[in-house]
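Summary of the model geometry
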Amino acid sequence: PGKTLTALVVTYKPGGTSLAHRHGSAFVVAYVLSGAIRSQLEGGQPKVYHAGESWTEAPGAHHLVSENASRTEPASLLAIFVADSSDTKLVTFDKP
């Protein structure tokens, strides 16, 4: 009770990136659907995840790097958020 599950597909064009961001109070599971995604959480090292691999993010984690590891092929991931039902803003990007 009081939690909402949200799933969405994030698609990166070749060489595509996202700004650094947080997911509020959400617990996140990311599953690579295609291609390869480079990801880095604050305090950790960058890592490339390939199709079929996954990682998790604790609530409040600072996601420093999220990008397509390839400059020639697209990539996509399934992001699954478990958040408080009142938390409607699932992504807050850092100011550039």
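Residues numbered from 1 in each chain as written. Predicted model: local features only at pLDDT ≥ 70, side-chain atom pairs only at ≥ 80, totals over all residues. Heavy atoms only, no water.

**Topic: the sheet that holds strand β9 (residues 75–84)**
Spatially, β1-β9-β4-β7 is the arrangement adopted by the four strands of the open sheet, whose pairing is antiparallel. Each edge of the open sheet is held by one strand with a lone partner, namely β1 (3–12) and β7 (54–57). The sheet shows a mean angle of 20 degrees between the axes of neighbouring strands, taken without regard to direction. As defined by bridge partners, strand β4 (residues 27–34) adjoins β9 across seven bridges and the pair is classed as antiparallel. Opposite Y31, over in β9, you have L78 as the bridge partner. (Pairing = 2+ DSSP bridges. Helix = DSSP H or I, 4+ residues; strand = E, 2+ residues; numbered from the N terminus. Axes fitted to C-alpha atoms, helices over the stretch in contact; angles between N-to-C directions.)

**Topic: the pattern of salt bridges**
Taken as a whole, this structure holds two salt bridges when the rule is applied. For the salt bridge of D84 with K3, the shortest nitrogen-to-oxygen distance reads 2.5 Å. In this pair, D84 sits in strand β9 while K3 sits in strand β1, placing the two residues 81 residues apart along the sequence. Overall, the relative accessible area of 30% leaves D84 in the partly exposed class. Taking the relative accessible area as the measure of exposure, K3 reaches 53% and is therefore exposed. A salt bridge links E67 to R38, with the nearest nitrogen and oxygen atoms 2.8 Å apart. Of the two residues, E67 is situated in strand β8 (residues 62–68) and R38 in strand β5 (residues 36–41); the sequence distance between them amounts to 29 residues. By relative accessible area, which is 27% here, R38 ends up partly exposed. (Salt bridge = Lys/Arg side-chain N within 4 Å of Asp/Glu carboxyl O. Buried < 20%, exposed > 50% of the residue type's maximum accessible area, 1.4 Å probe, protein only.)

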